[in-house]
Amino acid sequence: MAIIGIDLGTTNSLACIYQDGKVERIPNELGEYKTSSAVSVLEDGTVLVGAAAKERLVSHPETTAASFKIWMGTEKFLTLGKRQFKPEELSALVLRQLLEDAHRYLGEPVTEAVISVPAYFNDDQRCATKLAAQLAGLTVKRLINEPSAAALYHRYRTQSGDGQRMIVDFGGGTFDVSIVDCFENIIEIISIAGDNRLGGDDIDRAIVSYFCKENRLVENQLEPSMRASLYRQAETAKIALSSAPAASISLQQGETQYSLVLSNDLLRELCQPVFQKVRTVIGRAIKDRERVGRISDVILVGGSSQLTVFGDFLEELFGRRPHLAAEPDEIVALGVGLCAGIKERAEDLQDLVMTDVCPFSLGVATYNHTGDRTPHMAILIPRSSMLPASHQERFYTLHDNQHGLRFEIYQGEGYFASENLKLGEVEVRVPPGPAGEQSAVVTFTYDIDGILHVSAKSSGGDYRDQLILNPNLHLTEEGRSKAMERIQQIQLAAQGSQRDQLLLERGLRLYTQLLGSKRDMVARIIGFWKNLMEQGDLIGREKYYTQIRDQLDWLETQAEADPLDEDFWLDEEDQDFGGYEEMED
Ligand code: ADP
Ligand code: MG
């Protein structure tokens, strides 16, 4: 039976299949390949998915939902009329629609799929995606990162040579940058950076808010349907600007007519905050590469990458015009279709191999000493590790006759465990004994789907193993920012003096920015300095202050060296432009 590939997008979804030696896009009932990821409940309780549902965003906003992918993995409920849905339930409805279309197109039911997720999706979000598939009656053969899928397809289509390439995916709700290293038949993702709250939707939002400001309207006081209409017009105008000098938006409220003429110059200005974030993410992707080297090409994918002002912005940033993929908003799905073909062991795809990296650091909370009240991260799998990744570490008891060792599992880049996302915990018993004598070995395995498996095994004769699978511990966005707020308060309370506190703060920030031996160096500095501060050791602080500050200053130059300033391009004549345009369909 066939395995299909699905790009379950924030804005649009699309399914592909590998058959007869090529990837095919599966059309929906309307004969279109892209299906809007929108769901609407009709009066009689039936559910609409796709373009029709998207229409109803304007006419029936209270029974329609879109962009729910951004809530995947959270506890949020979306209310559609009298019913409440979890985000994974709404995604399941989209998947069911795609499956029905595939069934009709292929003439047989489909029960297995490869599904793409944004590179930055965390463990909870990946689990929620798998759950959505389950709810739709689908077995997930593999989750694949969206930029990996795009890279895979690009490589396959263009047969381009070896070297590093940057994939910039600018969609409706997510922004992902990944750098891949192509070597012979292997595509290795050597760095991933992204922001799963950044996309074309933000540009629409900026246009709407500018419209309201110019027309002295208060957005929140507009009728829901009027607001929805504004958003739709903003999107249409934005798209039109890529082929026309200006586009207009208007709104009729009672007798009054409100309007705005949008030009590319104005759009450019409104996009600045979005582009600044784009710049940061691109810089991080360049800096996080496991291997330095020259990048031979930039490949733009995602609907929003078609924006003229976006191309202009990148051209200015890179000093050259990046390459727009031939099918920018379908290339991810095409890559997932290819991946499905690989899973099916299609003969002609046997040469294609792909590896992936872990997009964030994973570790357990650990204490420096018995008086330490603010546990920090002991990282078992650093971000950008190659997948599947597995690592073990031994931890010792801190107290005499401790009964057990409890490990809280976290994901994130903050120094303090509480700044990061808690994924779950595992506890093992240890035999009584003096502090530091008993121990446990913790093993982290991060699999090819980007899902974490944790086990712990204690020392002594009394063994106990535990395994955590998909810990269903969710922290909402609100809960997370609350937790961070709490931590910042603790830090303030612990401060000895502004000057010394600032040094610690800087160290903590640098820790989140650096990797490898430099990160280890920051960790040592933080541990040392935090200890002096906690002990109220004023003499020690005076003695070491200058030395520590100088070290942090140096590390700062390491962290702030703007990766975009570096000369990482291949010389023009050496480069391989992939040659999309040359390929015929
Ligand atoms: P996602 O991957 O988030 O589902 P897509 O890659 O399909 O999204 O991109 C959807 C986004 O692309 C929307 O914000 C839409 O407004 C925008 N978009 C689609 N076509 C164009 C275009 N021609 N020019 C500019 N933006 C576009
Ligand atoms: Mg996408």
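Here, every reference points to the structure presented above.
Residues numbered from 1 in each chain as written. Chains lettered and ligands numbered in written order. Predicted model: local features only at pLDDT ≥ 70, side-chain atom pairs only at ≥ 80, totals over all residues. Heavy atoms only, no water.

Q: Sorry if this is basic, but what is going on with the sheet that holds strand S25 (residues 421-429) here?
A: Working definition: the strands of a sheet are paired by backbone hydrogen bonds and lie parallel or antiparallel to each other. Read from one edge of the open sheet, 4 strands run S21-S20-S24-S25, paired in antiparallel fashion. Only two strands of the sheet have a single partner each, and these edge strands are strand S21 (376-381) and S25. Going across the sheet, the axis of each strand differs from the next one's by a mean of 30°, ignoring polarity. As defined by bridge partners, strand S20 (residues 362-366) adjoins strand S24 (residues 404-411) across 3 bridges and the pair is classed as antiparallel. In the strand pairing of S24, Gly363 is matched with Tyr410. (Pairing = 2+ DSSP bridges. Helix = DSSP H or I, 4+ residues; strand = E, 2+ residues; numbered from the N terminus. Axes fitted to C-alpha atoms, helices over the stretch in contact; angles between N-to-C directions.)

Q: Help me out: how do you make sense of the site of ligand 1 in this one?
A: Every one of the 17 residues lining ligand 1 counts as a neighbour, but Thr11, Gly172, Glu235, Lys238 and Gly303 are closest to it. Here Asn12 contributes a side-chain N or O atom positioned 2.9 Å from an oxygen atom of ligand 1. In this structure, Lys238 approaches ligand 1 through a side-chain N or O atom, which is 2.7 Å from an oxygen atom. The set of elements that each furnish at least two residues to the shell around ligand 1 consists of helix H5 (200-214) and helix H6 (224-240). The greatest single-element share of the shell around ligand 1, amounting to 3 residues, is contributed by H6. A breakdown of the residues in the shell around ligand 1 according to their chemical character gives 2 nonpolar, 12 polar and 3 charged. (Near = heavy atom within 4 Å. Polar contact = N/O pair within 3.5 Å; in protein donor to acceptor, adjacent residues only side chain to side chain. Nonpolar A, V, L, I, M, F, W, Y, C, P; charged D, E, K, R; others polar.)

Q: Mind showing me how you'd approach the side chain of Asp372 here?
A: Within the secondary structure, Asp372 is located in the loop between S20 and S21. A distance of 3.2 Å separates the side chain of Asp372 from the backbone nitrogen of Thr374, its partner in a polar contact. Those residues within four positions of Asp372 in sequence are excluded, and the remaining contacts are Tyr367, Lys530 and Glu534. (Contact = heavy atoms within 4.5 Å.)

Q: What should I look at first to understand the pairing of strand S14 (residues 186-195) in this one?
A: Moving residue by residue along a regular strand, the side chains alternate between the two faces of the sheet. For S14, a buried count of 8 out of 10 residues is recorded, marking the element as mostly surrounded by other parts of the structure. Across 9 bridges, strand S13 (residues 175-183) lies against S14 in antiparallel orientation. Looking across to S14, one finds that Ser178 is bridged to Ile192. (Buried < 20%, exposed > 50% of the residue type's maximum accessible area, 1.4 Å probe, protein only.)

Q: What is the right way to look at the pairing of strand S15 (residues 246-253) in this model?
A: With 8 bridges joining them, S15 and strand S16 (residues 256-263) adopt antiparallel strand pairing. In the strand pairing of S16, Gln253 is matched with Thr256. Connecting the antiparallel pair S15 and S16 is a turn made up of 2 residues, with Gly254 showing a positive phi of about 60°.

Q: So what exactly am I meant to see when it comes to the packing of aromatic side chains here?
A: Each pair of aromatic rings is reported with the distance of its centres and the angle of its planes. Summed over all chains, the structure comprises 11 aromatic pairs. Judged by centre distance (4.6 Å) and plane angle (20°), the rings of Phe275 and Phe313 are stacked. Here Phe313 lies in helix H8 (residues 308-318) and Phe275 lies in helix H7 (residues 264-287), a separation of 38 residues in the sequence. Owing to a relative accessible area of 13%, Phe313 belongs among the buried residues under this scheme. (Phe/Tyr/Trp six-rings, centres within 6.5 Å; stacked < 30°, edge-to-face > 60°.)

Q: Hey, could you run me through helix H2 (residues 87-106) in this one?
A: Three- or four-residue spacings in an α-helix give side chains the same orientation, since the helix completes a turn every 3.6 residues. Taking 1.5 Å of rise per residue, 20 residues should cover 28 Å, and H2 covers 28 Å from first to last C-alpha, within 8% of that figure. Positioned one or two residues after H2, Gly107 has a phi angle of 75°, which is positive. (Expected span 1.5 Å × (residues − 1).)

Q: Would you take a moment to explain the sheet that holds strand S5 (residues 38-41) for this structure?
A: Read across the open sheet, the 3 strands follow the order S6-S5-S7; overall the sheet is antiparallel. This sheet does not close on itself; its edge strands, each paired only once, are strand S6 (47-49) and strand S7 (64-66). Each adjacent strand pair in this sheet contributes to an overall mean axis angle of 15°, direction not counted. Here S5 pairs with S7 via 3 bridges, running antiparallel. By the bridge assignment, Ser40 is partnered in S7 with Thr64.

Q: How do you make sense of the nonpolar core when you look at a structure like this?
A: Soluble globular proteins tend to bury their nonpolar side chains together. The biggest cluster of nonpolar side chains holds 50 residues, and the ones touching the most others in it are Met166, Phe175, Phe211, Leu262, Leu267, Ile282 and Phe310. Ranked by residues supplied to this core, first place goes to H7 with 11 residues. Membership of the second largest hydrophobic core comes to 36 residues, among which are Leu8, Ala65, Leu80 and Ile115. (Core = buried A, V, L, I, M, F, W, Y, C linked by side-chain atoms within 4.5 Å.)

Q: Explain the environment of Lys343 here, please?
A: If you trace the backbone, Lys343 turns up in helix H9 (residues 331-343). Taking the relative accessible area as the measure of exposure, Lys343 reaches 38% and is therefore partly exposed. Sequence separation of Lys343 and Lys141 is 202 residues, and the distance between their C-alpha atoms is 7.6 Å. Residues contacting Lys343, with those up to four places away along its chain left out, are Ile3, Val114, Lys141 and Arg142.

Q: Is there a simple way to explain helix H3 (residues 123-135) in this structure?
A: For H3, built from 13 residues, the straight-helix expectation of 18 Å at 1.5 Å per residue is met to within 8% by its first-to-last C-alpha distance of 18 Å. Among all positions of H3, only Asp123, Asp124, Gln125, Arg126, Cys127, Ala128, Thr129, Ala132 and Ala133 are buried. For H3, the capping residue at the N-terminal end is Asn122, with a side-chain oxygen 3.0 Å from the backbone nitrogen of Asp124. One or two positions beyond H3, positive phi appears at Gly137, with a value near 80°.

Q: Teacher, can you tell me more about unusual backbone geometry here?
A: Glycine aside, residues mostly have negative phi, and peptide bonds are mostly found in the trans state. Even without being glycine, Asp20 reaches a positive phi, approximately 50°. Structurally, the position occupied by Asp20 is in the loop between strand S2 (12-19) and strand S3 (22-25). According to the relative accessible area criterion, Asp20 is exposed, its value standing at 70%. Phi angles above zero are rare outside glycine, and Arg216 is one such case at about 50°.

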